[in-house]
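# Reading the structure
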Amino acid sequence: MARTPSPLPSAHRRIRGFEATSGLLKDQIRKVGEQRGFAVARLLTHWTEIAGEDMARVTRPVKVGYGREGMGASLTLLTTGPNAPIVEMQKEKLREKVNAIYGYAAISRILITQTAATGFAEGQAEFTTKPIEPPAPDPAILAEVARTAAPIQNDDLRQALERLGQNVLNRRKSKEG
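On a predicted model such as this, the values are computed, not experimentally measured, just so you know.

This brings us to the nonpolar core. Soluble globular proteins: nonpolar side chains tend toward being buried together. Judged by nonpolar contacts, the single largest core of 20 residues is most densely connected at Leu43, Trp47, Leu75, Leu77, Leu94, Val98 and Ile107. A total of four residues in this core trace back to one element, the largest contributor, which is helix α6 (residues 84-102).

In structure tokens, the structure reads:
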């Protein structure tokens, strides 16, 4: 009986060569993580509560990826250039907060990027900032406005005119100064 030669391996398989075990298990690891309550959407929807208001103001989670590093995932955060060093110094504490929410080591490392992983057009950062508080009104302006509006009998009208007068006088003062 003549032996038939086995077919040659496909070119696709020969080019790929050896494959890392983590690549073979990536989908299974993701499924197990999702079953244990780890969902990327939770990071996005509750980012302020997880990271804290100060950190959420300057960062945004953009990607959770499973790489070759092991069982934990990598969290990629988007931040602006001036805030990157501050976030870098606090990323270990942030990783602990994220893992505390999930109850296990869901995130093994945090990567910081200053552009979104999806590209420049989609990666325009929209971080919330503290509202700018208007400066305290000048007492001289307040006195002048109160004196001018004093003869008005209707309280609502007088208060509206006082606000209008403050705005007009403050605007003049800022243009002159």
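From this point, the narrative continues.
Between its terminal C-alpha atoms α6 stretches 25 Å, which fits the 27 Å expected from 19 residues at 1.5 Å a residue. In α6, a bend of some 55 degrees at Lys91 exceeds every other bend along the element. Along α6, the residues that are buried comprise Ala84, Val87, Leu94, Val98, Asn99 and Tyr102. Note on α6: the residue one or two positions beyond its end, Gly103, has a positive phi of about 85 degrees.

Per the counting criterion, the structure on display carries five salt bridges. Of the charged contacts, one joins Glu53 and Arg57 as a salt bridge, the two residues approaching to 3.6 Å between their closest N and O atoms. Here Arg57 and Glu53 lie together in helix α5 (residues 53-58), a separation of four residues that amounts to about one turn. Residue class for Glu53 comes out exposed when judged on its relative accessible area of 56%. Between Asp54 and Arg57 there is a salt bridge, and its shortest N-O distance comes to 3.2 Å.

Within the secondary structure layout, Gln90 lies in helix α6. Placed 35 residues apart in sequence, Gln90 and Met55 show a C-alpha to C-alpha distance of 8.9 Å.

For the rest of this paragraph, the subject is the sheet that holds strand β1 (residues 59-65). Strand order in the open sheet formed by three strands is β1-β2-β3, with mixed pairing between adjacent strands. The open sheet has two edge strands, β1 and β3 (107-113), and neither has a second partner. Taken over all neighbouring pairs, the strand axes of this sheet differ in orientation by 25 degrees on average, direction set aside. Judged from the six bridges that link them, β1 and strand β2 (residues 73-79) form a sheet pairing that is antiparallel. The residue of β2 that forms the bridge with Val64 is Leu75.

Once that is clear, we can look at the side chain of Thr76. Note on placement: Thr76 falls in strand β2. Ignoring sequence-local partners within four residues, the contact set of Thr76 consists of Arg60, Pro61, Val62, Lys63, Leu111 and Thr113.

Quick look at helix α7 (residues 139-149) now. What α7 keeps buried is the set Ile141, Val145 and Ala149. Projected onto a plane normal to the axis of α7, the buried residues spread over an arc of 55 degrees and lie on a single side. Across α7 from its buried face, at more than 90 degrees, point the exposed residues Pro139, Ala140 and Arg147.

Turning to the pairing of β2, a few remarks are in order. Residues in a regular strand point their side chains to alternate faces of the sheet. Counting buried positions along β2 gives seven out of seven residues, so the element sits mostly inside the fold. Neither face of β2 is left uncovered, since the one carrying Ala73, Leu75, Leu77 and Thr79 and the one carrying Ser74, Thr76 and Leu78 both have all their residues buried. The pairing of β2 with β3 spans six bridges and is parallel. Looking at the pairing, Leu75 lines up with Ile110 of β3. Between β2 and its parallel partner β3, the chain crosses via α6, and the hand of that crossover is right-handed.

What follows deals with the environment of Ile152. Structurally, Ile152 can be placed in the loop between α7 and α8 (155-176). Non-local contacts of Ile152, meaning those with residues more than four positions away in its chain, are made with Leu157, Arg158 and Leu161.

Conventions and cut-offs
Residues numbered from 1 in each chain as written. Predicted model: local features only at pLDDT ≥ 70, side-chain atom pairs only at ≥ 80, totals over all residues. Heavy atoms only, no water. Core = buried A, V, L, I, M, F, W, Y, C linked by side-chain atoms within 4.5 Å. Buried < 20%, exposed > 50% of the residue type's maximum accessible area, 1.4 Å probe, protein only. Helix = DSSP H or I, 4+ residues; strand = E, 2+ residues; numbered from the N terminus. Expected span 1.5 Å × (residues − 1). Bend = angle between axes of the 7 residues up to and from the residue. Salt bridge = Lys/Arg side-chain N within 4 Å of Asp/Glu carboxyl O. Pairing = 2+ DSSP bridges. Axes fitted to C-alpha atoms, helices over the stretch in contact; angles between N-to-C directions. Contact = heavy atoms within 4.5 Å. Arc of directions from axis to C-beta. Right-handed = clockwise from strand over helix to strand, strands pointing away.

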